[in-house]
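For reference, the chains in residue letters:
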Amino acid sequence: MLFADLVGSTELAGSQDPERTRVLLDRFYDAMAAEIERAGGTVEKFVGDAVMAAFGAPAALEDHAERALHAALAMQRRLRELFGDTLALRIGVNTGEVVVGRPREGSSFVTGDAVNVAARLEQAAAPGEILVGERTVAAVRGAFELEEPETIDAKGKPGGVACRRLVRALSLMRPRGVGGLRRAFVGRESELQQLRAAYAQVTSEGKPHLLTIVGDAGVGKTRLLRELWGWLAEQDPQPLQRTGRCLSYGYGITYWALAEVLREHLGILESDSPEVAAERLGDRRFLGLTLGLDIGEELHPLVARERLHDSWAEFLEELAGERPVVVLIEDVHWAEGDLCDLLEALVGQVAGPLLLVATARPELLESRPGWGGTHGTRSELLLEALPVSAASHLLDELLGVELPASLRDVVVERAEGNPFFVEELLASLIDRGILERRNGGWSCAELPEGFHVPDTVQAVLAARIDLLPTAEKAALQAASVIGRVFWTGPVYSLLEGVSPDFGLLVERDFVRRRPGSSIAGEREYAIKHALTREVAYGSLTKAKRAQLHGAFAGWLERSGEGTDEQASVLAHHYAEAVRPEDVDLAWPGQGEEVDRLRQKAAAWSRRAAQLAVGRYEIDEGLALLHRALEFESGVTEQAAVWLAIGHVNALKYDGEAFTTAMQKAIELGGPSADVYTDLAFQTVQRAGMWKRRPDPKLVSSWIERALDLTTAGSPQRAKALVSRALWDDDEADAAEALELATRLGDVELRSHALDALGNARYAIADFDRACALMEERLGLLAEISNPDHRAEAYLVACDVYTGAGRFANARRSVALLAETAEGLTPHHRLHAIGCNVRVESLAGRWDEVRRLSSRAEGAVEANLATPCPLNVGSLLQCAIASAQCGDEDEAHRLEAKADAIGMEGYGMFFHPKHLRLALVREDLVELRRLVDALDPEVLEPWNYESRAALFDSLIALGDRERIESEAPPAVRPGTYLEPFALRALGFARDDAALLADAAARFEAMGLEWHADETRKLLSPG
Ligand SMILES: Nc1ncnc2c1ncn2[C@@H]1O[C@H](COP(=O)(O)OP(=O)(O)OP(=O)(O)O)[C@@H](O)[C@H]1O
Ligand SMILES: [Mg+2]
């Protein structure tokens, strides 16, 4: 959008008679309109002294931004020519999405925020100045000189509007490539070979040849020829190489391309006066017609044309008589008929080695079907998109480093093998700060949601789509609503009465027919490029999009495809049909229809969510549930959705989101047995899922509430009992739950009840009995397919087995856990590696822990979104291993990383690790401080890890007294803790026999390192 306003006209009007002013203003209008149209713009309206113009609307133009800026400069120039310094223009230019309405006399047909911003820029510009909005700046990168960015105030724009002042044009077309990136050339070996062969043939036969390279915008025609150019320059004899290009707009430029050739050959500058040019031409007077020179002779236009053709033939023949000639004419799709005629004539007329190379986009073959083909003196080379491998190779080459796979896939997938798109996507990532240069390499951030197609790419694609006839364009747009893959039936039904020719869409390479079809009886097509789809979709108004989405969902359901398989597709289309933001636009005054669509959207979203969660696509399921909420109007239904959301969040161990959702469910649907039992049960079972541990009193109150609300003998009651048993380590509750579960014949509940029963034993350090109950539970897993349940059982097993000192069993459980976690969430996978690290740390196998470190760290990183004591614990254990192996730097790094996670209330898991770190570092001051600060909660009987670390610390501190008071009860056979207690007592009492005993027991458990450490105490020094 371009806004221009005349400054100084009021003074002028005051000092002149009105008639004169009128004439003057008319001249102004005419001149401005002429400049705008010359650059391919459309004058929107004149209001008073202001002009508003659009570029790329109503018809898309791939270089609309460049055109607008060239027009702005030309307008300033014209104004100076016409009025000197008496009048001045303020101009603002901005790029953005606009809505194009029906043009009406005297009113504007283009609306949108971009229009308002352009107007603000114009108001902020000083007389004679052109202010350019940042999106325009990004789109013209390299073609213009602009000043440093500034921000202007604008009403309704809190942060102001960023813009730059335009200084001058640097080139007629935007140079391609991204500044600051390395240059690259990939693939295209065989194409280059064909070009060389064509040249070789021309020179060996001494005959002219016209070779046309045809390919989409940005596919690499020019780049390929640059390579050829370099190769030609090395040939002996070196051919004469000349280049000219066709321009996309302007007046009187029919022969522009040849004019460039001529100027290059004769060294004529564009700024040279006609006299100078004529002098350089010498006796080749008629060639001057190419340059638009007045040749001083009245000729009939047809005669002039003939003379021009002949003189070019003679001229080239003369040149080819000396050495081979290669003339490149770029972008022939923009050439006018006369130039094409001339080029074709030349290959017929000239005798001698002349290779004419032309580049063109496929539309040339539509407008001049006779041009292409491979026969006689002509041939054609179709340049296809780069294969995926070449495109990703191109990325590496441009950046000089490998991109992380996620980002690289985004770029490669979207660019569809078009190197121009690759570059533009990269540039856009750089502009948005997602890719950043750092220490000579590149660092990159996560790709934000809703990453948009860069304006430059969008312009190229929109221009291509606009070249389609109306019906086919409408078909492509309707298809874009359906998706990348679409079917003809619904397109016809969506378009009502329009009959598009899909053959044409195939021919022009927008879509391709797919073998077979996923909907019976329907022809299936795919839109070839994802970007094309996005741009076609973006070219529809929001209202139209919504209606098409609704229509397609209806079609899909009616066509009998309304099954689970299509649930998420239906959910998507119904939801898009009634997006809350646009619903008023799309369905004005159609309340009933909106209600119907909303209900459909909610129902299908919930169904799709259920299916997704069943596949353990947790985040997908959550997104669908949240979307269902937007459309569900009944309070009861909303409460049910919140309950589902809570449950799914528990599955991914997001405690915060879990409780919030459950509270919402209670708020909306009132307290119910279902909600409270799940609240109590999940909280107790996944006790580590909060960053800050919830208040135990609150948890107890949930449990009591659950027990109140459930009816005796119900499965919920069993679940509530299990919850209380686990929370209070209560054996009676657990036994009651087991009895009830058995009666109900519910194997999952039985498994949970056994877990609670075992837990009550574990709490009092009765590891023998705890193991037995736990193994009974493992025996039930054969009948339980719920993978989350199985994973949880193995997790518990690891802990119980290590507590009992049964490391071989613990390791087997680790392996089973790892296997089960594979298909679940990152949190489950963290559990697996975290347990592995823990078991090996407890065993003192530091090398093994070191080996696991990077995997553990990766798993923690992948799981940072949901809290878990194992996030912190695993990193600390890896830190201990590093310190044990003498790598203090690494130990400190890991420790700092663990501390930074900041979980509160889980000291019972973290304190023993801090004790061990101080121990390895022989930091007795710190150790003393830590020991004295230990909370009794950390030293409860079950916490063998804490107590083992405490006993070792007391040895290091020489605290015999405390050893005597705490160690004796811990001497219990069949526990991990026993040898630690023996060792401490042996030390306190200077009793070698006890120490030997401890060493033997460590060894029996397979804890070699601990045995060795014990023996060191036996023979100090
Ligand atoms: N094979 C390639 N290897 C590396 N970069 C390439 C390759 N082909 C093209 N590029 C880069 O992609 C961009 C677009 O290429 P190019 O300008 O040659 O396209 P084009 O086909 O001439 O497009 P247009 O029809 O718009 O003229 C350029 O910046 C170019 O350097
Ligand atoms: Mg090109």
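This is a predicted model, so every value here is computed, not measured. (Residues numbered from 1 in each chain as written. Chains lettered and ligands numbered in written order. Predicted model: local features only at pLDDT ≥ 70, side-chain atom pairs only at ≥ 80, totals over all residues. Heavy atoms only, no water.)

J.: So what's going on with the overall build of the protein? Residues and values would help.
T.: When its secondary structure is counted, the protein shows 46 helices and 20 strands. The C-alpha atoms of the protein give 39 Å as radius of gyration, which overshoots the globular expectation for 1021 residues (31 Å, by more than 25%). Judged by the C-alpha coordinates and their principal axes, the protein covers about 125 × 75 × 70 Å. With 1021 residues in all, the protein has 53% of them scored as buried. Sequence separation of at least 24 residues holds for 66% of the intrachain contacts in the protein that already meet a minimum separation of 6. For the protein, the exposed area adds up to about 44800 Å²; of that, 49% sits on carbon and sulfur atoms. Computing the positive centroid from 111 side-chain charges and the negative centroid from 159, the protein places the two 1 Å apart. (Helix = DSSP H or I, 4+ residues; strand = E, 2+ residues; numbered from the N terminus. Rg over C-alpha atoms; globule rule 2.2 N^0.38 Å. Buried < 20%, exposed > 50% of the residue type's maximum accessible area, 1.4 Å probe, protein only. Contact = heavy atoms within 4.5 Å. Areas by Shrake-Rupley, 256 points an atom, 1.4 Å probe, with all protein chains shown as cover. Lys, Arg positive; Asp, Glu negative; His and termini not counted. Charge placed at Lys NZ, Arg CZ, Asp CG, Glu CD.)

J.: Break down the sheet that holds strand 18 (residues 485-487) for me, citing the residues and quoting the values.
T.: One open sheet holds the three strands; their spatial order is 18-20-19, and the pairing between them is antiparallel. Each having just a single partner strand, strand 18 and strand 19 (511-513) make up the two edges of the open sheet. Sheet twist, expressed as the average angle between the axes of neighbouring strands with direction ignored, equals 35°. With three bridges connecting them, strand 19 and strand 20 (residues 524-527) associate as antiparallel partners. Looking at strand 20, one finds that Arg512 is bridged to Ala526. Sheet strands touched by helix 17 (residues 470-482): strand 18, strand 19 and strand 20. Its angle to strand 18, the strand with the most contacts, is close to 120°. (Pairing = 2+ DSSP bridges. Axes fitted to C-alpha atoms, helices over the stretch in contact; angles between N-to-C directions.)

J.: Break down the site of ligand 1 for me, citing the residues and quoting the values.
T.: Around ligand 1, the structure places 21 residues, and the nearest of them are Gly218, Lys221, Thr222, Arg223 and Glu423. Arg361 places a polar side-chain atom, nitrogen or oxygen, 2.8 Å from an oxygen atom of ligand 1. Relative to its unbound accessible area of 630 Å², ligand 1 is 95% covered by the protein chains. Mapped onto the shell around ligand 1, the elements with two or more residues apiece are helix 7 (221-233) and helix 15 (419-431). Of the residues in the shell around ligand 1, the class split is eight nonpolar, four polar and nine charged. (Near = heavy atom within 4 Å. Polar contact = N/O pair within 3.5 Å; in protein donor to acceptor, adjacent residues only side chain to side chain. Nonpolar A, V, L, I, M, F, W, Y, C, P; charged D, E, K, R; others polar.)

J.: Go over the nonpolar core, please, and point to the residues and values.
T.: Leu476, Phe486, Val491, Trp587 and Ile963 are the most contacted members of the largest nonpolar core, which has 222 residues in total. Those residues in contact with Val491, other than ones at most four positions away along the chain, are Ala475, Ala478, Ala479, Ile482, Phe486 and Phe502. Counting 41 residues, the second-largest nonpolar core is a separate cluster that includes Leu262, Ala320, Leu339 and Ala360. (Core = buried A, V, L, I, M, F, W, Y, C linked by side-chain atoms within 4.5 Å.)

J.: Help me get a handle on a negative patch on the surface, residues and values and all.
T.: Taken together, Glu306, Asp310, Glu314 and Glu317 make up a surface patch of like negative charges. For Asp310, the location among the structural elements is in helix 10 (residues 301-322). Given the relative accessible area of 36%, Asp310 is considered partly exposed. (Patch = residues over 30% accessible without salt bridge, like charges linked within 9 Å, V, L, I, M, F, W, Y side chains within 5 Å. Salt bridge = Lys/Arg side-chain N within 4 Å of Asp/Glu carboxyl O.)

J.: How would you explain the packing of helix 28 (residues 673-685) against helix 29 (residues 696-709) if you had to name every residue and give the values?
T.: As a packed pair, helix 28 and helix 29 sit with axes 8 Å apart at the nearest point and diverge in direction by 140°. Classified by the angle between their axes, helix 28 and helix 29 sit oblique to one another. Read as a crossing pair, helix 28 and helix 29 show a hand that is left-handed. Contacts between helix 28 and helix 29 pair Ala673, Tyr676, Thr677, Leu679, Ala680, Thr683 and Val684 from the former with Val699, Trp702, Ile703, Arg705, Ala706 and Leu709 from the latter. When grouped by side-chain class, the residues that make up the contact of helix 28 with helix 29 number 10 nonpolar, two polar and one charged. (Parallel < 35°, antiparallel > 145°, perpendicular 65-115°, else oblique. Left-handed = near helix turned anticlockwise from the far one by under 90°.)

J.: Got a sec to walk through helix 33 (residues 767-780)? Specific residues and values, please.
T.: Look at helix 33: 20 Å from first C-alpha to last across 14 residues, which is about the 20 Å you get at 1.5 Å a residue. Among all positions in helix 33, only Phe767, Ala770, Cys771, Leu773, Met774, Arg777 and Leu780 are buried. Against helix 32 (747-763), helix 34 (787-803) and helix 42 (944-957) lie the buried residues of helix 33. (Expected span 1.5 Å × (residues − 1).)

J.: Break down the pattern of salt bridges for me, with residues and values.
T.: Taken as a whole and assessed by the stated rule, the structure comprises 73 salt bridges. Note that Glu945 is salt-bridged to Arg838, the shortest N-O span being 3.2 Å. Of this pair, Glu945 sits in helix 42 while Arg838 sits in helix 36 (residues 826-842), and the two are 107 residues apart along the sequence. For Glu945, a relative accessible area of 8% corresponds to the buried category. Judged by relative accessible area, which is 16%, Arg838 ranks as buried. Residue Arg893 is joined to Glu890 by a salt bridge in which the shortest nitrogen-to-oxygen separation is 3.0 Å. Of the two residues, Arg893 and Glu890 both sit in helix 39 (residues 888-901), three residues apart, roughly one turn of that helix. Judged by relative accessible area, Arg893 falls into the partly exposed class, the value being 37%. Classification of Glu890 by relative accessible area gives partly exposed; the value is 21%.

J.: Kindly report on the packing of aromatic side chains, identifying the contributing residues and their values.
T.: All chains considered together, the criterion is met by 18 aromatic pairs. Pairing Trp312 with Phe315 gives two aromatic rings, centres 5.5 Å apart and planes at 75°, and the pair type is edge-to-face. One end of the pair, Trp312, and the other, Phe315, are both in helix 10, three residues apart, so they sit about a helical turn from each other. Of the two residues examined, Trp312 and Phe315, each falls in the buried class. Each member of the aromatic cluster is reached from another via a ring pair, and the members are Tyr762, Phe767, Phe807, Trp942, Tyr944, Tyr976, Phe980 and Phe1002. Seen from the ring of Trp256, Arg263 lies directly overhead, with NZ or CZ sitting 5.2 Å from the centre. One Lys or Arg, Arg960, reaches over the ring of Phe987 and ends 4.5 Å from the middle of that ring. (Phe/Tyr/Trp six-rings, centres within 6.5 Å; stacked < 30°, edge-to-face > 60°. Lys NZ or Arg CZ within 6 Å of the ring centre and 35° of its normal.)

J.: An account of the sheet that holds strand 12 (residues 240-245) is requested, with residue identities and associated values reported.
T.: Within the open sheet, the five strands sit side by side as 12-13-14-11-15. Their pairing is parallel. Because the sheet does not close on itself, it has two edges, and the strands there are strand 12 and strand 15 (378-382). Put simply, the sheet's adjacent strands are angled 15° from each other on average, direction ignored. Packed on one face of the sheet, helix 8 (residues 256-266) meets strand 12 and strand 13 (325-330) and runs near 140° to strand 12.

J.: An account of the packing of helix 36 against helix 37 (residues 846-862) is requested, with residue identities and associated values reported.
T.: Where helix 36 meets helix 37, the axes come as close as 9 Å, and the angle between the chain directions of the two elements is 160°. Between helix 36 and helix 37, the angle falls in the class roughly antiparallel. When the axes of helix 36 and helix 37 are compared, the crossing they make is left-handed. Between helix 36, through Pro826, Leu830, Ile833, Asn836, Val837, Glu840 and Ser841, and helix 37, the contact on the second element is made entirely by Trp846, Glu848, Val849, Leu852, Arg855, Ala856, Ala859, Val860 and Ala862. Grouping the amino acids of the contact of helix 36 with helix 37 by side-chain chemistry returns 11 nonpolar, two polar and three charged.

J.: Go over the environment of Ala791 with me, naming the residues and quoting the values.
T.: Residue placement: Ala791 occurs in helix 34. For the pair Ala791 and Ala821, spaced 30 residues apart in sequence, the C-alpha to C-alpha distance is 6.4 Å.

J.: Summarise the pairing of strand 2 (residues 42-47); cite the residues concerned and give the values.
T.: By the bridge criterion, five bridges tie strand 2 to strand 3 (residues 50-54) in an arrangement that is antiparallel. Paired with Phe46 across the two strands is Val51, which belongs to strand 3. Between strand 2 and strand 3, which pair antiparallel one after the other, the connecting turn spans two residues, and Gly48 there sits at a positive phi close to 55°.

J.: Just give me the short version of unusual backbone geometry, but keep the residues and values in it.
T.: Backbone torsion omega between Asp236 and Pro237 reads 0°, so that peptide bond is classified as cis. Tracing the sequence through the fold places Pro237 in the loop between helix 7 and strand 12. The backbone of Arg188 sits at a positive phi, close to 65°, despite the residue not being glycine. Looking at the element boundaries, Arg188 is found in the loop between strand 10 (157-169) and helix 6 (189-205). Residues other than glycine seldom take positive phi values, yet Asp331 does so here, at roughly 60°. Following the sequence through the fold, Asp331 ends up in the loop between strand 13 and helix 11 (337-349). Taking the relative accessible area as the measure of exposure, Asp331 reaches 11% and is therefore buried.

J.: I'd like to hear about the environment of Ser785, residue by residue, with values.
T.: Summarising the element assignment, Ser785 is placed in the loop between helix 33 and helix 34. The spacing of Ser785 and Glu748 is 37 residues in sequence and 9.4 Å in space, taken between C-alpha atoms.

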